[in-house]
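Here are the chains, one letter per residue:
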Amino acid sequence: MKALVLILTLLSSTAFASGTWTYWVHLKAKDSKTRSEISKFIHIDQVIDDSVYAVVNEHDYKELKKNFSKLLVDHHPYKEILPTTDMDEFEFPSGDEKFHTYQEIIDKIKELTRTYPNLTEELTIGNSLEGRNLIGIKISGAKNPNNKFFIPGIAFLGAHHAREHLSVEVPIMLASYLLENYNKDARIKNLVDNREIFIVPMVNPDGAMYDIKGKKYKSWRKNRAQNRNGTSGVDLNRNYSFGWGTGGSSTSPGSDVFMGPKPFSEPETLAVKEFVEAHANIRVLLSFHTFSELILYPWGGKYDGVGGKDQQVFEKMAQTMSKWNRYKPQQASDLYIASGDTCDWAYGTQNIFCFTFELSPKSMWNGGFYPGAKVIDKTFQANVNPALYLIEHAADPYAVLNN
Ligand code: 0X9
Ligand code: ZN
């Protein structure tokens, strides 16, 4: 009888356990060269001294075991990702409802444009692969009827990566903050009146909504492209053209750092490219990501610095901003090489002073990609001054060298 129960239990559990697994891994990586070797296969979530840590999908776990078995210190199954159905809703898991869904971002942008018609414009920079509008908001009080004057522009982008939900909250809160304080704070009025501020809080809505579908987080990173071998997703932060495919990204579609079949193969990255190219006044760009509390600047795809005066500008800006948010300023490739990211493209082809912020938390032991709604306000507060500083210096980034 006992044996029968056991067999039935096993049968039913295998019948229902049809999910895929993520794995927690810890590898020894003594320097940035080793980290860059690893980053060709997996996304490194966190770097501490001579170790790297990540939660990886099954494909990347197999690659790690094949290629880096000697460096694997510890690894174990982490979480089963159960399939979702068409009936599942796009809602955050309970406790995290304060985070905005795609629909709530649309509602918020519409509310802001309705409340502040003279200072705002709703933007649609393109469509995602699943057909969602890539929406944003332009904030400007500049009176420029004949387009006679060049108004300095700045762009804030969120959620290239699906699971980095906090990277949506900071830019959407920034939009509200600028508008709510326009008539209360002379500095903000002055900035808004003399800049064009473009905010696109959710560059990857398909991925972000897939990540919460059925009210269950899935540690999803990429967009939702259907790849030729049946896997899903391209890493949007490996899909930009500058230095595309030259390190720290994978040609394997199942990898979390899949670069895509060609540069700008994805409608989401193409939309950012076309939008930025169409707005030649954009001098500064900030792409929000999570996590680790870092301020990163180019190059990300090679170890060389950008050199010259621009190098000094990047360093000065990053150091100044780090005094407010206490994030660590560093060149992106110091972390690990990753080619095809937003900032290498923005700086390398458009001369835009582009930063990647890795927002809170600092480590995976404080929640990693899922730190909970309690961090939203603090993270925004920590980044208000850096954001205002960038808006201010979008007029002339080189001016930071004068003081
Ligand atoms: O790997 C990325 O795309 C970014 N980190 S994240 O954890 N948000 O995925 C960092 C990109 C910065 N570029 C380089 N490290 N080269
Ligand atoms: Zn990211």
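In this text the structure is predicted, and so the values were computed from the model without any measurement. (Residues numbered from 1 in each chain as written. Chains lettered and ligands numbered in written order. Predicted model: local features only at pLDDT ≥ 70, side-chain atom pairs only at ≥ 80, totals over all residues. Heavy atoms only, no water.)

(A) Layout of the side chain of R132. Checked against the element boundaries, R132 lands in the loop between β5 (120-127) and β6 (133-139). Within the structure, R132 has its side chain in polar contact with the side chain of E130 (distance 2.9 Å). A polar atom in the side chain of R132 sits 2.7 Å from the side chain of D206. Non-local contacts of R132, meaning those with residues more than four positions away in its chain, are made with F90, Y102, G126, N127, P205, D206 and M209. (Helix = DSSP H or I, 4+ residues; strand = E, 2+ residues; numbered from the N terminus. Polar contact = N/O pair within 3.5 Å; in protein donor to acceptor, adjacent residues only side chain to side chain. Contact = heavy atoms within 4.5 Å.)

(B) Quick look at the pattern of salt bridges. Evaluated as defined, the whole model comprises 18 salt bridges. A salt bridge links E130 to R132, with the shortest nitrogen-to-oxygen separation between them at 2.9 Å. Accessibility expressed as a relative area gives 46% for E130, which makes it partly exposed. Judged by its relative accessible area of 14%, R132 is buried. Across the pair R238 and D235 runs a salt bridge, and its minimum N-O distance is 3.8 Å. Overall, the relative accessible area of 2% leaves R238 in the buried class. A network of salt bridges, in which partner residues are shared, links E121, K138 and E196. (Salt bridge = Lys/Arg side-chain N within 4 Å of Asp/Glu carboxyl O. Buried < 20%, exposed > 50% of the residue type's maximum accessible area, 1.4 Å probe, protein only.)

(C) Here's a closer look at the nonpolar core. Of all hydrophobic cores here, the largest spans 63 residues; its most connected members are I139, F156, L178, I197, F355 and L390. Ranked by residues supplied to this core, first place goes to helix α12 (residues 375-393) with 9 residues. Here F156 is in contact with L174, I197, F198, I199, V200, L286, F288, A387 and I391, once residues within four sequence places are set aside. Within the second largest apolar cluster, 22 residues are counted, among which are I125, F198, I282 and C354. (Core = buried A, V, L, I, M, F, W, Y, C linked by side-chain atoms within 4.5 Å.)

(D) How the structure looks around the sheet that holds strand β12 (residues 353-359). Strands sit in the order β5-β6-β8-β7-β9-β12-β10-β11 across an open sheet of 8 strands; the sheet is mixed. Two strands in the sheet have a free side with no partner beyond their single neighbour: β5 and β11 (328-331). In this sheet, adjacent strand axes meet at a mean angle of 20° when their direction is disregarded. Alignment of β5 against β6, held across 6 bridges, turns out to be antiparallel. In the sheet register, L123 faces β6, and the bridge partner there is G136. Seen against the sheet, helix α4 (residues 102-115) touches β5 and β6 and runs at an angle of roughly 30° to β6. (Pairing = 2+ DSSP bridges. Axes fitted to C-alpha atoms, helices over the stretch in contact; angles between N-to-C directions.)

(E) Helix α9 (residues 308-325), seen in detail. With 18 residues, α9 should reach 26 Å at 1.5 Å per residue; the first-to-last C-alpha distance of 26 Å fits that figure. Within α9, burial applies to D310, Q311, V313, F314, M317, A318, T320, M321, S322 and N325. Contacts made by the buried residues of α9 are with β10 (294-297), β11, α11 (342-350), β12 and α12. Within two residues after α9, R326 carries a phi angle of roughly 65°, on the positive side. (Expected span 1.5 Å × (residues − 1).)

(F) Structural context of the domain arrangement of the protein chain. Each domain of the protein chain was delimited in the assignment, giving domain 1 (2-79) and domain 2 (102-402). Here domain 1 and domain 2 have C-alpha centroids that lie 29 Å from each other. Taken together, the 22 residues of domain 1 in the interface contact 26 residues of domain 2. It is H43, D45 and Q46 that lose the most area in domain 1 upon contact with domain 2, and together they represent 28% of the buried surface on that side. Our count for the contact surface shared by domain 1 and domain 2 stands at 1 salt bridge. Our count for the domain 1 to domain 2 interface comes out at 15 residue pairs in polar contact (both at pLDDT 80 or more). Those elements that provide at least two residues to the side of domain 1 that touches domain 2 are α2 (32-38), β2 (46-48), β3 (51-56) and α3 (58-67). With 4 residues, the single largest contributor to the side of domain 1 that touches domain 2 is α2. Split by residue class, the side of domain 1 that touches domain 2 holds 9 nonpolar, 7 polar and 6 charged. (Domains from an automatic or database assignment. Buried area = accessible area lost by both parts, 1.4 Å probe. Nonpolar A, V, L, I, M, F, W, Y, C, P; charged D, E, K, R; others polar.)

(G) Structural context of the sheet that holds strand β1 (residues 20-28). With antiparallel pairing, 4 strands are arranged side by side in an open sheet as β2-β3-β1-β4. The open sheet has two edge strands, β2 and β4 (72-81), and neither has a second partner. The sheet shows a mean angle of 15° between the axes of neighbouring strands, direction not considered. Across 3 bridges, the pairing between β2 and β3 is antiparallel. Opposite V47, over in β3, you have V52 as the bridge partner. In the packing of α3 onto the sheet, contacts are made with β1, β3 and β4, and the angle to β1 comes to roughly 35°.

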